[in-house]
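Structural overview
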Amino acid sequence: MYSNPITPRMNFIQQLAYERPGAAAWITGNTENPQLSGLVKFFPTSYGGVLIEAEVFGLPEVSQEGGSDFYAMHIHEFGDCSGSFQNTGNHYNPGEAPHPYHAGDLLPLLGCQGYAWSSFYDKRFTIEEIIGKSVIIHSGHDDFTSQPSGNAGSKIGCGEIRGA
């Protein structure tokens, strides 16, 4: 039996509830998805990694044409969310790893009636390394196989990562 009552999860719950993130990205939708909005927060941890919390509203529902239940979420190289997000570059990949091992390959969002919430821990980057980059939400799921970026569909949401 595990005797230590303090687990990383307990620390993460405290961080999400009471601490200020080290960086955040306000997500806005493209012209086809103007209802899409959300916030992705990045918290430093005492474990050497980053705790990520994403809350997104207005995702296209599975019953809509082009809708899905799963949406890929990635960190892209550049924070330029102008136009149709064509200037965000490729996935953030400082180690030049194959997909899905890019530092910017994040867990997918599971949408339910246009809403998604997720929280997870990642040790592939620091907050300082991602400031000025972007969080992109794609129209479909990441297949975790196709090169170079998982065949995740179009970019429907974007937010520049800024220091908090």
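Details of the structure are given in the entry above.
The following paragraphs examine the structure supplied in this document. Just so you know, these numbers come straight off a predicted model, no measurement behind them. (Residues numbered from 1 in each chain as written. Predicted model: local features only at pLDDT ≥ 70, side-chain atom pairs only at ≥ 80, totals over all residues. Heavy atoms only, no water.)

**A short note on the sheet that holds strand β2 (residues 37-44)**
Pairing in this open sheet of seven strands is antiparallel, and the strands run β5-β8-β9-β1-β2-β3-β7 from one edge to the other. Each edge of the open sheet is held by one strand with a lone partner, namely β5 (73-76) and β7 (116-122). Adjacent strand axes in the sheet meet at a mean angle of 20° when their direction is disregarded. Direction of pairing for strand β1 (residues 23-29) relative to strand β9 (residues 155-163): antiparallel, over a ladder of five bridges. (Pairing = 2+ DSSP bridges. Helix = DSSP H or I, 4+ residues; strand = E, 2+ residues; numbered from the N terminus. Axes fitted to C-alpha atoms, helices over the stretch in contact; angles between N-to-C directions.)

**Concerning the pattern of salt bridges**
A side chain with one charge can pair with a side chain of the opposite charge if their charged atoms come near. Applying the stated criterion across every chain, the model contains three salt bridges. R124 is the salt-bridge partner of D122, the closest N and O atoms lying 2.7 Å from each other. On the basis of relative accessible area, D122 is assigned to the buried category, the value being 6%. Of the residues examined, R124 reaches a relative accessible area of 35% and is grouped as partly exposed. As a salt-bridge pair, R162 and E160 come within 3.3 Å of each other at their nearest N and O atoms. Of the residues examined, R162 reaches a relative accessible area of 51% and is grouped as exposed. (Salt bridge = Lys/Arg side-chain N within 4 Å of Asp/Glu carboxyl O. Buried < 20%, exposed > 50% of the residue type's maximum accessible area, 1.4 Å probe, protein only.)

**What about the packing of aromatic side chains?**
One pass over the full model with this rule turns up five aromatic pairs. On the numbers, 6.5 Å between centres and 70° between planes, the contact of F42 with F125 is edge-to-face. Of the two residues, F42 sits in strand β2 while F125 sits in the loop between β7 and α2 (127-130), which places them 83 residues apart along the sequence. Taking the centre distance of 6.4 Å and the plane angle of 85° together, the rings of Y47 and Y121 count as edge-to-face. Note that Y47 is positioned in the loop between β2 and β3 (50-57) and Y121 in strand β7, a separation of 74 residues in sequence. The rings of F12, Y47 and Y121 are connected pair by pair, giving a single aromatic cluster. (Phe/Tyr/Trp six-rings, centres within 6.5 Å; stacked < 30°, edge-to-face > 60°.)

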